[in-house]
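# Topology and contacts: notes
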Amino acid sequence: MVILIGGWLIGAPLLAGPWLPAPLRWLGALCGLGFIVFGIGELLGGTFHPLTIVGGLGYQIAFPIWALLIGRLLARRAQASFRGANSSAAELMQ
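Nothing here was measured: the structure is a model prediction, and the numbers come from that model.

Cut-off values and rules
- Residues numbered from 1 in each chain as written.
- Predicted model: local features only at pLDDT ≥ 70, side-chain atom pairs only at ≥ 80, totals over all residues.
- Heavy atoms only, no water.
- Helix = DSSP H or I, 4+ residues; strand = E, 2+ residues; numbered from the N terminus.
- Contact = heavy atoms within 4.5 Å.
- Buried < 20%, exposed > 50% of the residue type's maximum accessible area, 1.4 Å probe, protein only.
- Polar contact = N/O pair within 3.5 Å; in protein donor to acceptor, adjacent residues only side chain to side chain.

The next thing to look at is the side chain of R25. Positionally, R25 belongs in helix α2 (residues 22-45). Sequence-distant contacts of R25, defined by excluding residues within four places in its chain, comprise P13, L14, A16, G17, P18 and L20.

Assignment of secondary structure puts T52 in helix α3 (residues 50-93). Classification of T52 by relative accessible area gives buried; the value is 4%. One polar contact links the side chain of T52 to the main-chain carbonyl oxygen of G41, over a distance of 3.2 Å. Here the side chain of T52 touches G46 through a polar contact of 2.9 Å, landing on its backbone oxygen.

Function cannot be read off these values alone, since they describe shape.
Shown next, in the form of C-alpha cells:
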C-alpha cells in the first residue's frame, strides 16, 4: 500500500497545474520516492533493511516538511482569495 501511495505522490505534484511552484513539485516527488523505497525495503528485509532506513527519511522527515509547505501555500492562497472577495463585496455595498 505504501508503494501505491508513493507512486501517486510522485505523479500528482509533477502533474499539478502552475499553482504549485517547482520546488514543491520536486520535493513532493522526492517524498513519493521515499515512500516507494520504504515499501520495497519492508518487503525485502523488514524494519532494519537499508532501503527501509533510507526510504524512512523521505517518509518520516521530508513528507511532513512538504505537507507543511503545501498547507502554508494553500492557506496563503485562501487568505488572498478571502480578502479579494471581501473587497469586492465592500465595493458593491457602496
